[in-house]
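Each chain is listed here by its residues.
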Amino acid sequence: ACQRRGGWRGWMRRGGSQVERVEREQPAKRPKGAGGSTMEDGVRAGAARGVPQRINAGASKAPVKKMTISLKKERPKLPETFEEDTWQKLQLSVRAVHDEKPVEQSFEELYKAVEDLCIHKLGQNLYARLAEECEQHIKKQVAALVSQASDPVEFLDVVEACWNTHSEQMSLIRSIFLYLDRTYVIQSCNVVSLWAMGLQLFRKHFESVPEVQRKVIAGILALVHRERKGDMVNRALLRNLLRMHTSLQIYPQFEGAFLEATETFYHEEGNAMMNQLDVPSYLLYVERRLEEEGERVGHYLDPQTRKPLIVKLDEQLLEMHAEAIISKGLETLMADNRVKDLKRLYTLIARVNGLHHIKVAFSAYVKRAGLEIVTNEERQLEMVQDLLNLKAKVDVLLEEALDGNEALAHALKDAFEALINVKQVSGNAQNKPAEAIAKFVDLQLRSGGKGASEVELEAVLDRVLTLFRYIQGKDVFEAFFKKDLAKRLLLNKSASVDAEKSMISKLKQECGSSFTNKLEGMFKDMELSRDVMTAYADSSVKKQSSGESEIAVHVLTTGYWPAYPPAPLKLPKELLDHQEAFEKFYLSKHQGRRLTWQNSLAHCWMKASFRPGSHGRKELLVSLYQASILLLFNSTDSLTLTEISEAVGMDKKDLVVTLQSLACGKTKILAKNPKGREVVDTDEFLFNSKFDSKQLRIKVNSIQLKETQEENDKTTESVFQDRQYQVDAAVVRVMKARKTLSHTLLISELFKQLKFPVTPADLKKRIESLIEREYLERDKDSPSTYTYLA
């Protein structure tokens, strides 16, 4: 520090016990305006006052005087009883806190005493003495718990009071010894804070009395058990005691006992509830228990207990009963379309990795429900619609209740493939779904979806296409679809050409152009036929043909259309003239071609006059067979079956069916004598002049619109015949590449190459046929080995 006063300048330097003051000279200045005073006067005056003098230039310098002041003093010593006296004062305050009595000294005085001890490097002794004092008190308090209430639940109140008292007392003691906690403890290694010291001491003596610890854990578990049973308990008490365990780092000991008790409790309760409740109620019970245990963790359990606690619940309530829950509940929930309950089942079972069980039961339900539809003979006509409804229902459940699980989606696909392609012993039931799907598509395209819009019809076709993907024998579908498409085009029964082309486009995307090549060719033939008829109408051949009747011809390419058996028929002269005229015109334009007339597919519009007057005139839409028979009655009113047969030259079976449609159906153009549906050779048929109808145009049911089982069997047989050719080609292809192959390997290779379902017995028959035709031969040494013959 520097001091300056008047003409003096100096500073003090403190070093040890000696203080020095050094004076240096200061030049004197002459006061301004001092009358009669001179420089010399100023110098003398300064000298008189003992001030160092500065001599003018040219004068000799005076020696500098130095003054040293020495203050030597011994370092003060603490009283010998200082530490002991101070500790006595602090000890009394600590004991007053422990005894819950007023402290005589003020907090400031006690805090100062602790500070003095720490400043004089006595913190270590102070910490040790304080720890010893606290340990004695804690030991006595914990030991006193042994003789407390024997009931574990009542004992908890005593332990809580002891813990709360300890916490409050340690908090107060730490406030008194705060300086010690912030200096000595922080500066020293391996020394814990006063609060941690109190916890260590409490834990030490708490663990030294196992009986107390067991009673505490037993009491807590008893309260938890009561709460699980539905009783109200003191959650604040449980929370404080479990926080005590956490603070003392003995919580794992409680957690082990708690989890063991939880496992036992839910094992017994889970078995009882599983026997008492149905699956939806049991799942609600499990969900409620999971929520309760979650709340229990939030209220008083340590957060680290949540995971092992939930694992115990999952094991005892779900994992042990997963198979029973699924077997008893999944099928019922799916059948009743209970989305919420099914979603709850899926969510809970997924917690214990039970998706495999769900997948097995899910697939089994779909197969069982689908097989009931496929094998129900009474609802064969509704088979496809029922399958579509089942698929739509399961799709909704899969998306809304089963979280769109990918594994379950694959299981659904496999289940539908299995049920649609199921093999049965009787008949050709294996091909029924493929045939039924083709018929369903025919119905939709024929009726236009029963008044549905184009968008709705497209949606229905897309859904049907899903079922089509599951069919292994797509050649069966192709055969029936092609036959139905031919009738729709030739009889003009298609509701929408755009819908027809859209369906073919969908099939092309699914199966490739080779699958739809013939179907597209059929549409091309229809378009070319319209051009041919336009040219024929303008030709000279058409103009030369006589008669009032007209003819419209569809020229079909043999390879594109289904094969129709020849139908013998003697056409009336007016119709035969039209056929000959058109044939002459067409062959003149296309040399080298041959026309074959398919009479079974032709239909006619006829004008009929039943009575004089406009009311007796009608227009009839009939088949060519029906028209040929009706034209016979222009020259006579009655004919016998034999006479009609000789006149039209039809097959006997077709003739009987045609006459039944004219005389025994709803529209009785002819009258039969005697009455009845059975037709014999002696029956007489008369022109029904009494026929009447409110409609001008009348459609007579045509036999070509009704498919018989025989026609379906022929279609199926043609498919099987085509399959035989494909099997033969596959066998030759494989053997040509391998030259020599065993029977087992050949069968295995054929299964890989063939895209339609086939049995080993069928393959063996085709192999035997190829051996007979000398494409293959058996090995002489090994009959089960085949050799290709070039």
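Counting restarts for each chain: residues are numbered from 1 in the order of the written sequence. Given that this is a predicted model, residues contribute local features only at a pLDDT of at least 70 and side-chain atom pairs are listed and counted only at 80 or more, while totals for whole chains, interfaces and linings are drawn from all residues. Side-chain calculation: all heavy atoms of the structure are included, whereas hydrogens and water are not.

Asks: Mind laying out the packing of helix 20 (residues 454-470) against helix 22 (residues 497-511), listing which residues take part and the relevant values?
Replies: Axis geometry follows a simple rule: fit a line to the C-alpha atoms, using only the stretch in contact for helices, then measure angles between N-to-C directions, giving values from 0 to 180 degrees. Each helix is a run of DSSP H or I of at least 4 residues and each strand a run of E of at least 2, with the numbering of both proceeding from the N terminus. In contact at an axis separation of 11 Å, helix 20 and helix 22 are set at 30° when each is read in the N-to-C sense. On the basis of their axis angle, the class for helix 20 and helix 22 is roughly parallel. Along this stretch, helix 20 crosses helix 22, giving a crossing that reads as right-handed. Here Leu457, Glu458, Leu461, Asp462, Leu465, Phe468 and Arg469 of helix 20 come into contact with helix 22, specifically with Ala499, Ser502, Met503, Lys506, Leu507, Glu510 and Cys511. Taken together, the residues of the contact of helix 20 with helix 22 break down into eight nonpolar, one polar and five charged. Roughly parallel means an angle under 35 degrees; roughly antiparallel, over 145; roughly perpendicular, 65 to 115; everything else is oblique. The crossing is said to be left-handed when, going from far helix to near helix, the turn is anticlockwise and less than a right angle, and right-handed when the turn is clockwise. In what follows, residue pairs with any heavy atoms lying within 4.5 Å of each other are defined as contacts. Residue classes follow a fixed rule: Ala, Val, Leu, Ile, Met, Phe, Trp, Tyr, Cys and Pro count as nonpolar, while Asp, Glu, Lys and Arg count as charged, and any other residue, Gly among them, counts as polar.

Asks: Outline the sheet that holds strand 12 (residues 776-778), supporting the account with residue identities and numerical values.
Replies: Strands qualify as paired when DSSP identifies two bridges or more between them. If you walk across this open sheet you meet the three strands as 11-13-12, and the pairing is antiparallel. Each edge of the open sheet is held by one strand with a lone partner, namely strand 11 (740-742) and strand 12. Between one strand and the next, the sheet's axes are offset by a mean angle of 30°, whatever the strand orientation. In this sheet, strand 13 (residues 785-788) lies alongside strand 12 in antiparallel orientation, the contact comprising three bridges. Each residue of the ladder has a partner; that of leucine 776, found in strand 13, is tyrosine 788. Contacts between helix 30 (residues 743-753) and the sheet are confined to strand 11 and strand 13, with strand 11 contributing the most and set at about 90° to the helix. Helix-sheet contacts for helix 31 (residues 760-772) involve strand 12 and strand 13, and the interaxial angle to strand 12 is about 100°.

Asks: Any chance you could break down the environment of valine 656 for me, citing the residues and the numbers?
Replies: Structurally, valine 656 is set in helix 28 (residues 652-663). It is 10.0 Å that separates the C-alpha atoms of valine 656 and arginine 677, two residues lying 21 residues apart in sequence.

Asks: Give a detailed account of the confidence of the model for the protein, specifying residues and quantitative values.
Replies: A low pLDDT means the predicted coordinates there should not be read in detail. Per-residue confidence from the predictor is reported as pLDDT, a score between 0 and 100. In the predicted model, the protein carries a mean pLDDT of 83, and the fraction of residues at 70 or more is 86%. The model gives residues 1-59 a pLDDT under 50, and that stretch makes 59 contacts with residues more than four places away or in other chains. Note on residues 424-429: pLDDT is under 50 here. Beyond four places in sequence and across chains, it has three contacts.

Asks: Residue-level account of the sheet that holds strand 6 (residues 617-623), with values.
Replies: Here we have three strands laid out as an open sheet, ordered 5-6-10, and mixed in their pairing. Where the open sheet ends on each side, the last strands, each with one partner, are strand 5 (603-609) and strand 10 (697-699). For this sheet, the mean angle separating the axes of adjacent strands, direction not counted, is 25°. Two strands pair when backbone bridges link them, and strand 5 and strand 6 are joined in this way by seven bridges, in the antiparallel orientation. For alanine 608, the partnering residue across the bridge sits in strand 6 and is lysine 618. Together, strand 5 and strand 6 form the strand contacts of helix 26 (residues 624-632), whose direction differs from that of strand 6 by roughly 130°.

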